[in-house]
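# Examination of the molecular architecture
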Amino acid sequence: MYLVFSVILLYHLYAPSFDLLSPFLKTVLIAAMLYFSVFIVLLSSRIVILSYVLLCVAGIYHLTRRPTFFLPVASAFLGVIILIALIDPIPRYRSMQEPFVAESYSPNADGIYAYSTGIRKSLWVLGGIAMTEVNPVVGTGTGDVNDTLRKIGERNGIRNSLDSFDPHNEFVFIQIALGSLGMLSLLACFVLPTWSAFQQKDFMYVAFMLLFVSVCMTESALESQKGVVFFTIFN
């Protein structure tokens with residue numbers, strides 16, 4: 001997420017004046033973006049890669065409004081990202097240890113989810129059950145989400161090898177912790193400033209919010225210090 005935002009910053013700062021830069025600075029800028037992109041595609045989660053590709057497409061669309069040398073470079077840049085994503089070397093290597101097949105979603109003989117795909121699935125299931133059992137208006141309270149999911153897991157025999165009970169979804173987490181009131185507040189924090197930025201054509205902020213909301217779909221991003229600091233500084 002942080003590397004993607006670094007690329008967004010580079011684009012925001014240098015794309016408008018790219019034609020005015022020296023050949024050396026152009027080369028350095030393109031090399032830096034490609035360097036970041038390789039690490040993003042190889043090491044990021046699939047939701048971050050998808051968000052990055054969408055942001056690249058939006059950036060190229062924005063560049064088509066003015067004929068510049070940066071447009072073909074950006075198009076080639078996006079092509080490299082898609083090619084690396086199709087090759088998908090890291091998940092292929094990971095698949096040697098963790099088969100991306102049906103059994104990875106199921107618990108082992110001891111009833112414990114051991115694969116990351118199965119662990120994520122089990123936590124989302126626990127989150128779904130918890131949302132139907134806690135108070136729908138005010139939730140179970142801040143600080144009680146993990147304990148709530150743990151109790152539900154013990155009652156339903158759902159366990160994982162990491163002994164983790166974080167639902168790995170910020171929206172599910174907030175709904176369980178703070179209910180619909182908290183969910184409405186969270187959506188307001190995301191939607192209202194994004195709509196205002198879109199009207200003011202502040203596309204950097206829109207890109208930042210798209211990236212952060214995407215991460216919130218698969219991580220409890222606002223439940224860690226680094227997530228809170230990142231969102232607070234750039235929001």
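Small disclaimer: the values here were computed from a predicted structure and weren't measured. (Residues numbered from 1 in each chain as written. Predicted model: local features only at pLDDT ≥ 70, side-chain atom pairs only at ≥ 80, totals over all residues. Heavy atoms only, no water.)

### Section: the confidence of the model for the chain
Counted only if it meets this: Residue-level confidence of the predictor is what pLDDT reports, using numbers from 0 through 100. By definition, any uninterrupted DSSP run of H or I lasting at least four residues is a helix, any uninterrupted run of E lasting at least two residues is a strand, and each is numbered from the N terminus.
For the chain, the mean per-residue pLDDT works out to 80, and 79% of the residues sit at or above 70. When mean pLDDT is taken per element in the chain, helix 8 (residues 170-199) scores highest with 93 and helix 5 (residues 89-97) scores lowest with 51.

### A closer look at the packing of aromatic side chains
This is how it is decided: Centres within 6.5 Å make a pair out of two Phe, Tyr or Trp rings, where for Trp the six-membered ring is used; the pair is then stacked when the planes are under 30 degrees apart, edge-to-face when over 60, and tilted otherwise. Residue burial is assigned from relative accessible area. The probe radius is 1.4 Å, only protein chains are included, and a residue is buried under 20% of its type maximum, exposed over 50%, and partly exposed in between.
For the coordinates displayed, the defined rule picks out 19 aromatic pairs. On the basis of an interplanar angle of 65° and a centroid distance of 5.6 Å, the ring pair of Phe5 and Phe208 is categorised as edge-to-face. In this pair, Phe5 is assigned in helix 1 (residues 2-14) and Phe208 in helix 9 (residues 203-218), connecting sequence segments 203 residues apart. Residues Phe5 and Phe208 agree in their burial class; the two are buried. With 6.2 Å between their ring centres and 65° between their planes, Phe190 and Phe212 make a pair best called edge-to-face. Residue Phe190 is found in helix 8, and its partner Phe212 is found in helix 9; the two are separated by 22 residues along the sequence. On the accessibility criterion, Phe212 (0% relative accessible area) is buried. Connected via pairs of aromatic rings, a cluster forms that spans Tyr2, Phe5, Phe171, Phe190, Tyr205, Phe208, Phe212, Phe230, Phe231 and Phe234.

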